[in-house]
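Observations on the three-dimensional arrangement
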Amino acid sequence: MTRTPVNVTVTGAAGQIGYALLFRIASGQLLGADVPVKLRLLEITPALKAAEGTAMELDDCAFPLLQGIDITDDPNVAFDGANVALLVGARPRTKGMERGDLLEANGGIFKPQGKAINDHAADDIKVLVVGNPANTNALIAQAAAPDVPAERFTAMTRLDHNRALTQLAKKTGSTVADIKRLTIWGNHSATQYPDIFHATVAGKNAAEVVADEKWLAEDFIPTVAKRGAAIIEARGASSAASAANAAIDHVHTWVNGTAEGDWTSMGIPSDGSYGVPEGLISSFPVTCKDGKYEIVQGLEINEFSRARIDASVKELEEEREAVRGLGLI
Ligand SMILES: NC(=O)C1=CN([C@@H]2O[C@H](COP(=O)(O)OP(=O)(O)OC[C@H]3O[C@@H](n4cnc5c(N)ncnc54)[C@H](O)[C@@H]3O)[C@@H](O)[C@H]2O)C=CC1
Ligand SMILES: O=C([O-])CC(=O)C(=O)O
């Protein structure tokens, strides 16, 4: 194998998403079946031993594409030469914690990681933030990396996108492969807006196929938006394998492109499109080609969609104000 390995850094590597993610990266599912990878695992000091255990298992899989594993608790080492960074490790909300406390605790993680990316990552670095609140954590990291083009910082809404695909497929008696051009707008939170007005089911407009606005408003949208909580309720733990799967999908699509005639959803810094204030990291419909993404332009936004996009964007603006107030951006 002559290709230079791609350095992939994963934070929170000893967590539950990390455990579902690392084996898939090492097997070639993140970047492609012919792309060798080197893994850098970043963890907090008390979790290093668990990360070492995971690395032992990775070794034991004898993945032909895996050309090395480094484990560290130092972001400057973890992001040195990184080409792809998956920021999964975050501070979960615990009992009695206010939203401001959560944002501040995560600021303590994502600000130094953003700075380490700024100072040490490779020139072609691509960053995906998974750790919640993902959009605003991505904003914090991006603000701490002024030398890295802002568009390299993205937040994960692909899990929401995938959840919406399956709900729509079930409703219309189709399969996910029949569905194209679905969009998640806004924040990865309960205010997100899964939009089917431009989606197609086997080539027909999805909203017309469904023809049921009550289902849309009262079933589909809340089911997708509150799916994370429903999984926690059922499983006693938050989504892990499906979140790891979405992270794989997000980066794979970003690097290898969207299919002709289709698009995906990514949380990305807004350029002002669709009235979303510039700089906010908000989810948009995007096409990807040659390792770059572009916002799909020219979609007509009806009143039903406008109100919901605006509500989610307002929440993102409030989060941005809060982290600005805390001096995190
Ligand atoms: N955007 C999305 O769609 C989704 C996001 N999530 C979020 O992903 C995050 C991770 O979830 P899980 O793996 O289930 O959590 P987990 O608690 O099992 O693992 C998190 C890991 O991060 C590590 N960590 C904490 N601070 C760190 C730091 N400063 N540097 C490196 N590692 C650090 C912890 O030691 C822990 O091992 C959570 O914030 C969760 O809410 C989960 C599902 C979907
Ligand atoms: O809700 C959570 O904590 C995990 C999450 O982001 C999701 O499953 O979408």
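No experiment lies behind these values; they were computed from the predicted model shown. (Residues numbered from 1 in each chain as written. Chains lettered and ligands numbered in written order. Predicted model: local features only at pLDDT ≥ 70, side-chain atom pairs only at ≥ 80, totals over all residues. Heavy atoms only, no water.)

Moving on to the overall build of the chain. Across its full length, the chain holds 11 helices and 14 strands. Against the 2.2 N^0.38 benchmark of 20 Å for 329 residues, the chain shows a C-alpha radius of gyration of 19 Å, consistent with a compact globule. Seen along its three principal axes, the alpha-carbon backbone of the chain occupies a region of about 55 × 45 × 40 Å. Residue burial in the chain is summarised as follows: out of 329 residues, 51% are buried. Intrachain contacts of the chain at a sequence separation of at least 6 include 73% that bridge at least 24 residues. Of the roughly 14400 Å² of accessible surface on the chain, 50% is carried by carbon and sulfur atoms. (Helix = DSSP H or I, 4+ residues; strand = E, 2+ residues; numbered from the N terminus. Rg over C-alpha atoms; globule rule 2.2 N^0.38 Å. Buried < 20%, exposed > 50% of the residue type's maximum accessible area, 1.4 Å probe, protein only. Contact = heavy atoms within 4.5 Å. Areas by Shrake-Rupley, 256 points an atom, 1.4 Å probe, with all protein chains shown as cover.)

Moving on, we get to the site of ligand 2. The environment of ligand 2 is formed by Asn132, Arg163, His188, Gly228, Ile232 and Ser239. Within the side chain of Asn132, one N or O atom sits 2.8 Å away from an oxygen atom of ligand 2. At 3.0 Å, a side-chain N or O of Ser239 approaches an oxygen atom of ligand 2. Of the residues belonging to the shell around ligand 2, the class tally is 1 nonpolar, 4 polar and 1 charged. (Near = heavy atom within 4 Å. Polar contact = N/O pair within 3.5 Å; in protein donor to acceptor, adjacent residues only side chain to side chain. Nonpolar A, V, L, I, M, F, W, Y, C, P; charged D, E, K, R; others polar.)

Turning our eyes to something else, we now look at the site of ligand 1. Taken together, 23 residues lie around ligand 1, and Gln16, Ile17, Glu43, Val130 and Asn132 are the ones closest in. Here Gln113 contributes a side-chain N or O atom positioned 3.4 Å from a nitrogen atom of ligand 1. Note that a nitrogen atom of ligand 1 is positioned 3.4 Å from one of the backbone N or O atoms of Met156. Summarising the interface, the protein chains cover 81% of the accessible area of ligand 1, which totals 860 Å² for the free molecule. Mapped by element, the contributors of at least two residues to the shell around ligand 1 are α1 (16-27) and α4 (99-120). Among the residues forming the shell around ligand 1, the class breakdown is 12 nonpolar, 10 polar and 1 charged.

Counted according to the given criterion, the structure contains 7 aromatic pairs. Note on Tyr19 and Phe23: the rings are 5.4 Å apart at their centroids and 75° apart in plane angle, and the pair reads as edge-to-face. Of this pair, Tyr19 and Phe23 both sit in helix α1, 4 residues apart, roughly one helical turn. When its relative accessible area of 42% is taken as the criterion, Tyr19 is described as partly exposed. Pairwise contacts between aromatic rings join Trp185, Tyr274 and Phe284 into one cluster. Here the basic side chain of Arg308 rests over the ring of Phe304, its NZ or CZ set 3.7 Å away from the ring centre. (Phe/Tyr/Trp six-rings, centres within 6.5 Å; stacked < 30°, edge-to-face > 60°. Lys NZ or Arg CZ within 6 Å of the ring centre and 35° of its normal.)

Residues annotated by UniProt as "domain: Lactate/malate dehydrogenase N-terminal" (unreviewed entry) correspond here to residues 7-146. Secondary structure across residues 7-146 comprises 44% helix and 19% strand; the distance between its end C-alpha atoms is 21 Å. (UniProt positions renumbered as here; feature names shortened; annotations may be inferred.)

It is worth spelling out the pairing of strand β2 (residues 37-42) at this point. Counting buried residues in β2 gives 5 out of 6 residues, a clear majority hidden from the surface. Strand direction decides the pairing type here: strand β1 (residues 6-11) and β2, joined by 6 bridges, are parallel. Each residue of the ladder has a partner; that of Val6, found in β2, is Val37. Between the parallel elements β1 and β2, the chain passes through α1 in a crossover that is right-handed. (Pairing = 2+ DSSP bridges. Right-handed = clockwise from strand over helix to strand, strands pointing away.)

Let us now look at the pattern of salt bridges. Applying the stated rule across the entire model yields 8 salt bridges. Arg163 is the salt-bridge partner of Asp160, the closest N and O atoms lying 3.7 Å from each other. One end of the pair is Asp160 and the other is Arg163, both in helix α6 (residues 158-172) and 3 residues apart, which spans about a single turn. Side by side, Asp160 and Arg163 carry an identical accessibility label, which is buried. (Salt bridge = Lys/Arg side-chain N within 4 Å of Asp/Glu carboxyl O.)

Relative to the 32 Å expected for 22 residues at 1.5 Å per residue, α4 spans 31 Å between its end C-alpha atoms, a close match to the ideal helical length. Every buried residue of α4 is accounted for by Leu102, Leu103, Asn106, Gly107, Phe110, Gln113, Gly114, Ala116, Ile117 and Asn118. (Expected span 1.5 Å × (residues − 1).)

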